[in-house]
Structure formats: C-alpha cells, structure tokens
Amino acid sequence: MRQCGIIRELFYLVRALSTRIKKIIKLLKGLLQRFNKEQPSVHPKAKPTIIPRSDHTISRTTIHRNALKVLYRLHQEGYQAYLVGGCVRDLLLGRQPKDFDIATNALPEEMRKLFRNCRLIGRRFRLAHILFGKDIIEVATFRTHHENAQEHHGKTHDGLIIRDNVYGTIEDDVWRRDFSINALYYNIADFSIVDYTGGMADIKAKRLRMIGQPEQRFQEDPVRLLRAVRFMGKLNIEISPETEACLAKSSHLLTHVSPARLFQEVLKFFQEGATVPTFKLLQQYNLFQQLFPQTLFNPEDTHAQQLIDQVLINTDQRIAEGKSISPAFLITAFLWPSMNQQARLNRSEGMPAYVSLEKAIQTMLTLQTQRLAIPRNVLVSMRDICLLQYHLMSRQGYRPYRTLDHPRFRAAYDLLLLRSTAGEPVEELALWWTEFQKADRAGQEQLIKRVATQHRPKKKRPYNRKKKVT
Ligand code: ATP
Ligand code: MG
C-alpha cells in the first residue's frame, strides 16, 4: 500500500516537472525567436566609411542657411545632426538640391522645445518641420526597421511595409533607405560624410544601387520602382545589374500601392524637368502602363505616341524656362487618343458627337481614377479641356467668343496645337484659332464669316433614327 502511494507521488512529481520543463522550453523557444527577429534583416553590421571634409566636395556655402542653422542648433545642444538623402546626393553630383532634409537622434518633443518655429506633423511617425517663413526644413528622428523593433513587425504577408514608426540610431536609419546614393550622411560635427552602404563609390560611378536585396526592398515598398526610374531619368545615371533585373520584372507590384500615393509620385515625375528620359524608362519597364492603363500604345497609331512625346518635350522646355506645368493638361494629353477613339466608337453607334465625347471622357476618367487618385479639381479641368475640343470646332455666330472666354481655353488650345503637331487632321482649325486670338474684333468677325462660307452646315440627322424596313 505504502509503495503504491510513493509511486503515485513520484508520478505526480514527474508530471508536474514535465509541464514545467515544457513551459521552460516554450519560453526559451520564444526568446530564441525574438532574438532572431531582432537581428536586422539587411543589416550587414558594416562599419561606416568616414570621408573627411578634405576628401569630398560638399562645402557649407552650398548648404541652405536655414538648414545650417538647424544643424548647428542641434549640434550645440549635444544631439547628432546630419544632412541626409537627396540633398547630399545632389550636392555631391554638383546639382542644386530640391530640399534639405536632416536626420537626428533628438526626439520630436525635444525638437519642439529646442525650436520655437517647430511644428510636429504626422500621426504615425512624427516629423519636425522647422519653419522659416515659407521655407521648411524637415527634421526626422532616426528610424529603424521593424524587425529591429521589439513590437509588431509592420509588414503584410506580401512583404509590404504598413507601419514605419519606430525610432532608432543612425546605424538602423541607414538600412531602411532605398538606394546607396540616398543613404549618405553629412555630419555637421566635423563636416565629414558617413557612408555605410558604399554610396560614395556609387556616386562616383554614377550608379543607382538598391540597399539590401532588391527583390525584398521593392516588395516592401513598390513606390521604390518609380523612385528608381525617377532618379535614373533626372540624374542620368546607370542602374546596377541586380537592381535592374528586379526592376524589370516587378511592375505588377504597383497594384499594391494606394492610388493616392501613386498620384503623388506621378506629380514628382512632371516636376523634375526630365520627363522625356523618365517616361521612356517608365514605358521600358512597363510602369507607365501600370499608371496609365488607358493610354493607347498601338504601334499603328503613331498619333498617340507622337502626342505623348510632344507633350513631354514641351513640359521639359517649360520647366527649363521656369514656367509652371499643369498636371491636368499632361494627363489629358496621355488620355486624349483613347478618349478620341472611344468617342468615335460611340458615334459609330449613332450617338451625337457631343454626347459621344462626353461619354468617352466619363469612361476614361472613371477607369483612370481607379489607378491614380486624381483630385476633383484636376478632373474637372481635364473634362473641360476635352469638351472644349468639341467647342473649338464650332466657329459660328457668338460661339467662338464664348469658347475664347472659357477659363480653360488656353489649355484646350494648347491641346489642339499638340493634336495638330501629332498629325491629327486639325491643322486648319488650329491655325484659325491662332489667328482668331491675335485678331481685333473686326478681324475676328471676318474669320467667322470666312468659316461660314467655307463650311455650309450639313443637314442634321436625328439621333437613333432607325432604318425603314421596306
Ligand atoms: P528628391 O530629390 O526627389 O527630393 P530624395 O531622395 O530627397 O529625392 P525624398 O522623397 O525627399 O527623396 O526622400 C528623402 C530620403 O528619404 C531619400 O533620399 C531616401 O533616403 C529616403 N526615402 C524616401 N522615400 C523612400 C522609400 N520609399 N524607401 C526608402 N527610403 C526612402
Ligand atoms: Mg528630398
């Protein structure tokens, strides 16, 4: 009896111990997994190369004085402060930077205390904007990859980054940047450049190289595909073979990007002054087709391609002359050939000309906005520019004066000129409008009379008239 009791005691003891051991094993496994996750996926633990002031070309005279003020202030207060990203890249390439971005280990709240003219923006990841009148210097606290952070890893199963809001150190910050030439840090403490990723060699070789595994990095954020092409186009640089191989097969990833973000990226293309080479590259890597699926690329329809080529040439010219560009006009030009084709199709089904065009515009804009979140005011302009192509054809009575007074007349006339240059049979019409704008009132009346005698109005056919069966 007593032996039985001991055996039972032993049994309970072993059972209790085994559950404890299981728990300990589970705990150890968890710790191990967590430890593995904390290893940065693209962090090669490289030591940075420090390029002293004597060995690089960035002089403080080329840095915007407001950016210098912010850098100095942070440094004086004992924080690390670096110029980073496009401005360092552009200065090294001898170009004028668009903006000056700063990275620091100061937290946003600390920056607010430091700068009276500081506004914190962004809910998920807070950025400091230091305001100098209209000029804004953006200061970001170093960030890290989520794999480095102890909380959730912000990626979907596609590898897409959905959260990006954990502070880190410069060693963490560098690996989340896209290309090596965008990951150079100009240190205000000693005016050196800190290079973790071989960016300086790539600047010298004029080469665009993705940091880490291109496939993974494009998947994480497919907007990098567009950024790659934008930098190649505007900086006129080569792309490294591994990055290119991946770029060439990844255009489909753009479907994972929100239409709002895509529209913002498209706007950047228009503002760089290098739309001709950039749009060639976009077409080459199938990205244009992803952004503008409705745009016609029929090799037999040379008008469409010519129209796009010409609008891009004009855009670069305007930027070079310091003139503004209108996204509404550009996107309309991309879509015009397909709208025109659709309008012809509608007409062949018996719709009146104006309704055909109106319906074609509606169809194309609905399809286009599924890809790009074009704001409402831009859509309204686009619609007006297209509908005015119809009104430009009416040259009787008071109509031309009304068309001329339309706020979107200039853009509509520019599109008409483009259509004429691209070989559409509207040359006479375009010339007429050129003269009409220059003429005084008497001249304008003469021009209207001239059209009236040239073009006798045709008898109107009723809409949807059914053929009589005899
Ligand atoms: P630009 O001349 O167009 O301003 P940029 O490189 O400065 O070029 P920004 O959009 O201003 O581009 O971004 C600043 C920096 O932030 C980049 O240089 C890069 O280091 C980093 N960055 C921006 N977007 C991404 C992204 N999608 N993925 C990774 N890093 C990015
Ligand atoms: Mg920038």
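Quick note: structure is the one above.
Anyway, here's the lowdown on the structure attached to this text. (Residues numbered from 1 in each chain as written. Chains lettered and ligands numbered in written order. Predicted model: local features only at pLDDT ≥ 70, side-chain atom pairs only at ≥ 80, totals over all residues. Heavy atoms only, no water.)

### With respect to helix α8 (residues 223-235)
The test is simple: Secondary structure follows DSSP: runs of H or I at least 4 residues long count as helices, runs of E at least 2 residues long count as strands, and numbering of each begins at the N terminus. Under the convention used throughout, the expected extent of a helix is 1.5 Å for every residue step, that is, one less than its residue count. Remark: exposure states derive from per-residue accessible area (1.4 Å probe, protein chains only) relative to the maximum for the residue type, with buried under 20%, exposed over 50%, and partly exposed in between.
A rise of 1.5 Å per residue sets the reference length of α8, with its 13 residues, at 18 Å; its end C-alpha atoms lie 18 Å apart and thus fit the reference within 8%. The set of residues buried in α8 consists of V223, R224, L225, L226, A228, V229, R230, F231, M232, G233, K234 and L235. Phi turns positive one or two residues past the end of α8, at N236, with a value near 55 degrees.

### A word on unusual backbone geometry
Even without being a glycine, K206 presents a positive backbone phi close to 50 degrees. Among the secondary structure elements, K206 is positioned in the loop between α6 (199-205) and β9 (207-208). We classify K206 as partly exposed; its relative accessible area is 37%. One non-glycine residue, N236, lies in positive phi territory at about 55 degrees. In this structure, N236 sits in the loop between α8 and β10 (238-239).

### Things to note about the side chain of H56
We apply this condition: Polar contact criterion, stated in full: a pair of N or O atoms within 3.5 Å, where within protein one must be able to donate a hydrogen and the other to accept it, and residues adjacent in sequence count only if both atoms are side-chain atoms. We call two residues in contact whenever any of their non-hydrogen atoms come within 4.5 Å of each other.
Mapping H56 onto the fold places it in the loop between β1 (49-51) and α2 (65-76). In this structure H56 comes out as buried when scored by relative accessible area, which is 6%. In terms of polar contacts, H56 uses its side chain to reach the backbone carbonyl oxygen of F191, at 2.7 Å. Discounting chain neighbours no more than four positions away, the residues touching H56 are I51, L92, Y186, F191, S192, I193 and M200.

### Regarding the site of ligand 1
Put simply, the rule is: The near set for a molecule or strand comprises every residue that places at least one heavy atom within 4 Å of it. Each accessible area is a Shrake-Rupley estimate made with a 1.4 Å probe; only the visible protein chains count as cover when residues are assessed.
By nearness alone, 18 residues border ligand 1, and R89, D221, R224, R230 and K234 come closest of all. Contact between ligand 1 and R177: an oxygen atom at 3.0 Å from a side-chain N or O atom of the residue. At 2.8 Å, a side-chain N or O of R224 approaches a nitrogen atom of ligand 1. If ligand 1 stood free it would expose 590 Å²; the protein chains cover 84% of that surface. With 5 residues, the single largest contributor to the shell around ligand 1 is α8.

### What about the packing of helix α19 (residues 427-438) against helix α20 (residues 441-454)?
Quick reminder of the rule: A fitted line through C-alpha atoms serves as each axis, taken over the contacting stretch for helices, and the angle formed by two N-to-C directions is quoted from 0 to 180°. Roughly parallel means an angle under 35 degrees; roughly antiparallel means over 145; roughly perpendicular covers 65 to 115; every other angle is labelled oblique. Nonpolar residues are Ala, Val, Leu, Ile, Met, Phe, Trp, Tyr, Cys and Pro. Charged residues are Asp, Glu, Lys and Arg, and all others, Gly as well, are polar.
Direction vectors running N to C along α19 and α20 enclose 155 degrees, while the axes themselves pass 9 Å from each other. By the criterion of interaxial angle, the relationship of α19 to α20 is roughly antiparallel. Residue-level inspection shows E428, W432, E435 and F436 of α19 in contact with α20, the latter providing Q444, L447, I448, R450, V451 and Q454. Split by residue class, the contact of α19 with α20 holds 5 nonpolar, 2 polar and 3 charged.

### Remarks on the sheet that holds strand β4 (residues 118-121)
Inclusion rule: Whether two strands pair depends on DSSP finding at least two bridges between them.
As summarised here, the arrangement of the 8 strands in space is β1-β8-β7-β2-β3-β6-β5-β4, forming an open sheet in which the pairing is mixed. The open sheet terminates on both sides in strands that have one partner only, identified here as β1 and β4. Adjacent strand axes in the sheet meet at a mean angle of 30 degrees, parallel and antiparallel pairs treated alike. Sitting on the sheet, α2 touches β2 (81-84), β3 (101-104), β5 (127-132) and β6 (135-141), and the angle it makes with β6 is about 35 degrees.

### Concerning the environment of Q310
Within the fold, Q310 resides in helix α13 (residues 302-320). Judged by relative accessible area, Q310 falls into the partly exposed class, the value being 25%. Separated by 111 residues in sequence, Q310 and T421 have C-alpha atoms that sit 8.0 Å apart. Not counting residues up to four positions away in its chain, the partners in contact with Q310 are L418 and T421.

### Focus on the pattern of salt bridges
Selection criterion: Here, a salt bridge means any Lys or Arg side-chain nitrogen found within 4 Å of an Asp or Glu carboxyl oxygen.
Using the criterion set out here, one finds 25 salt bridges in the structure. The partner of E272 in a salt bridge is R230, and the shortest N-O contact between them spans 2.4 Å. Placement of the pair is E272 in the loop between α10 (259-271) and α11 (275-284) and R230 in helix α8, with a sequence separation of 42 residues. Each member of the pair, E272 as well as R230, carries the same accessibility label: buried. Residues joined in a network through salt bridges with shared partners are K98, R230, K234 and E272.

### Quick notes on a nonpolar patch on the surface
Stated precisely, the cut-off is as follows: Residues enter a patch when their relative accessible area is above 30% and they make no salt bridge; the linking distance is 9 Å between like charges and 5 Å between nonpolar side chains (Val, Leu, Ile, Met, Phe, Trp, Tyr).
Together, I6, L10, L13, L17 and I21 make up a nonpolar patch on the protein surface, roughly 480 Å² of accessible area in all. Take I6: it is sitting in helix α1 (residues 2-37). Using a relative accessible area of 44% as the deciding quantity, one classes I6 as partly exposed.

### Notes on the environment of G168
Position of G168 relative to the elements: it lies in the loop between β6 and α5 (170-175). A C-alpha to C-alpha distance of 7.9 Å links G168 and N105, two positions 63 residues apart in sequence. With residues near it in sequence (within four places) discarded, G168 still touches F142, R143 and T144.

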